[in-house]
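Here is how the chains run, residue by residue.
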Amino acid sequence: MEIVKFIDSDFLKINTGIGANVDDSLLSPYIIKAQKKYLMDLIGSSFYNHLSAAYLANTLTTEEYDFIVNYVQDMVSEWTYYLVYPHIAVKLTNKGAVEQNSEWSTSADLAKMKIARNEIMDMAEFYSQRLLRHLELNYSLYPAWIN
């Protein structure tokens with residue numbers, strides 16, 4: 001099965017604090033990881049696979065499409081932001097882990113980075129609970145989730 005990404009790098013950059021100049025190739029693997037680790041775990045692999053297949057085949061119901069746009073995308077973008085945050089400035093190269101820096105910027109303080117990452121996680125957890133609450137209150141709209 002083709003790997004589905006419910007968001008793309010542009011969506012991620014517009015809806016989080018990730019800068020426009022961050023390389024899309026860095027973000028893409030974390031989108032997939034966020035979906036598999038957090039979304040699939042929350043909604044179940046059966047419903048996740050159903051949504052992925054319907055998304056690819058362009059056969060989503062109106063309710064499923066709205067669910068993805070109004071709940072899944074927000075959640076996945078925040079979890080992706082959370083996962084990629086420590087990896088934006090530090091890269092693993094053949095010389096080891098290196099911190100990228102330029103003459104016009106300064107490295108972030110580790111304590112401030114921890115605080116920021118915790119705030120990102122809080123937002124991601126909020127969107128996760130919001131998504132789950134929506135499913136629980138509207139379960140009849142999603143027969144594939146019930147099954």
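What you see is a predicted model, and the numbers here were worked out from it, not measured in a lab.

(A) Layout of the overall build of the chain. Check the secondary structure of the chain and you find six helices and two strands. Going from N to C terminus, the chain has its helices and strands arranged as α-α-α-α-β-β-α-α. A separation of at least 24 residues holds for 71% of the contacts in the chain among residues at least 6 apart in sequence. Surface exposure of the chain reaches about 9000 Å², of which carbon and sulfur atoms provide 53%.

(B) Geometry of helix 2 (residues 24-43). Over its 20 residues, helix 2 runs 27 Å from end to end, which matches the ideal 28 Å to within 8%, given 1.5 Å per residue. Three or more residues of helix 2 are buried, namely L26, L27, S28, Y30, I31, I32, A34, Q35, Y38, L39 and I43.

(C) Summary view of the packing of aromatic side chains. Scanning the entire structure with this criterion turns up ten aromatic pairs. Seen in terms of ring centroids, F47 and F67 are 5.9 Å apart; in terms of plane orientation they differ by 35°. Their pairing is tilted. One end of the pair, F47, is in helix 3 (residues 45-57); the other, F67, is in helix 4 (residues 62-84), and 20 residues separate them in sequence. Judged on exposure class, the residue F47 and its partner F67 are both buried. Grouped by ring-pair contacts, the aromatic residues F47, F67, Y71 and Y142 constitute a single cluster. We note K33 situated over the ring of Y30; from NZ or CZ to the ring centre the distance is 4.9 Å. When the ring centre of Y82 is taken as reference, the NZ or CZ atom of R117 above it lies at 3.8 Å.

(D) Expanded view of the nonpolar core. F6, L39, I43, F47, F67, V72 and L131 are the most contacted members of the largest nonpolar core, which has 36 residues in total. Secondary-structure elements contributing two or more residues to this core are helix 2, helix 3, helix 4 and helix 5 (110-137). If sequence neighbours within four positions are ignored, V72 has contacts with F6, L39, F67 and L131.

(E) Local environment of the packing of helix 2 against helix 4. Where helix 2 meets helix 4, the axes come as close as 8 Å, and the angle between the chain directions of the two elements is 120°. Our classification of the angle between helix 2 and helix 4 gives oblique. Note that helix 2 runs across helix 4; the crossing there is right-handed. Residues L26, L27, Y30, I31, K33, A34, Q35, Y38, L39, L42 and I43 of helix 2 touch helix 4, and the partners they reach there are F67, V72, M75, V76, W79, T80, Y82, L83 and V84. Within the contact of helix 2 with helix 4, the residues separate by chemical class into 17 nonpolar, two polar and one charged.

(F) Focus on the confidence of the model for the chain. A residue-level look at the chain finds 85% of positions with pLDDT of 70 or above and a mean pLDDT of 90. For the chain, the element scoring lowest by mean pLDDT is strand 2 (residues 96-99), at 56; helix 4 scores highest, at 98.

(G) Broad picture of the side chain of Q35. Locating Q35 in the fold gives a position in helix 2. Given a relative accessible area of 0%, Q35 falls into the buried group. A polar contact of 3.1 Å, which involves the side chain of Q35, links it to the side chain of Y48. Each residue touching Q35, except ones within four places of it in the same chain, is listed here: V4, K5, F6, I7, M40, Y48 and V76.

(H) Representation of the packing of helix 2 against helix 5 in the model. Across the interface, helix 2 lies against helix 5 with an axial gap of 10 Å and an inter-helix angle of 25°. Classified by the angle between their axes, helix 2 and helix 5 sit roughly parallel to one another. Helix 2 and helix 5 meet at a crossing whose hand is right-handed. Residue-level contacts link L39, L42 and I43 of helix 2 to S128, L131, L132 and L135 of helix 5.

Thresholds applied
Residues numbered from 1 in each chain as written. Predicted model: local features only at pLDDT ≥ 70, side-chain atom pairs only at ≥ 80, totals over all residues. Heavy atoms only, no water. Helix = DSSP H or I, 4+ residues; strand = E, 2+ residues; numbered from the N terminus. Contact = heavy atoms within 4.5 Å. Areas by Shrake-Rupley, 256 points an atom, 1.4 Å probe, with all protein chains shown as cover. Expected span 1.5 Å × (residues − 1). Buried < 20%, exposed > 50% of the residue type's maximum accessible area, 1.4 Å probe, protein only. Phe/Tyr/Trp six-rings, centres within 6.5 Å; stacked < 30°, edge-to-face > 60°. Lys NZ or Arg CZ within 6 Å of the ring centre and 35° of its normal. Core = buried A, V, L, I, M, F, W, Y, C linked by side-chain atoms within 4.5 Å. Axes fitted to C-alpha atoms, helices over the stretch in contact; angles between N-to-C directions. Parallel < 35°, antiparallel > 145°, perpendicular 65-115°, else oblique. Left-handed = near helix turned anticlockwise from the far one by under 90°. Nonpolar A, V, L, I, M, F, W, Y, C, P; charged D, E, K, R; others polar. pLDDT = per-residue confidence, 0-100. Polar contact = N/O pair within 3.5 Å; in protein donor to acceptor, adjacent residues only side chain to side chain.

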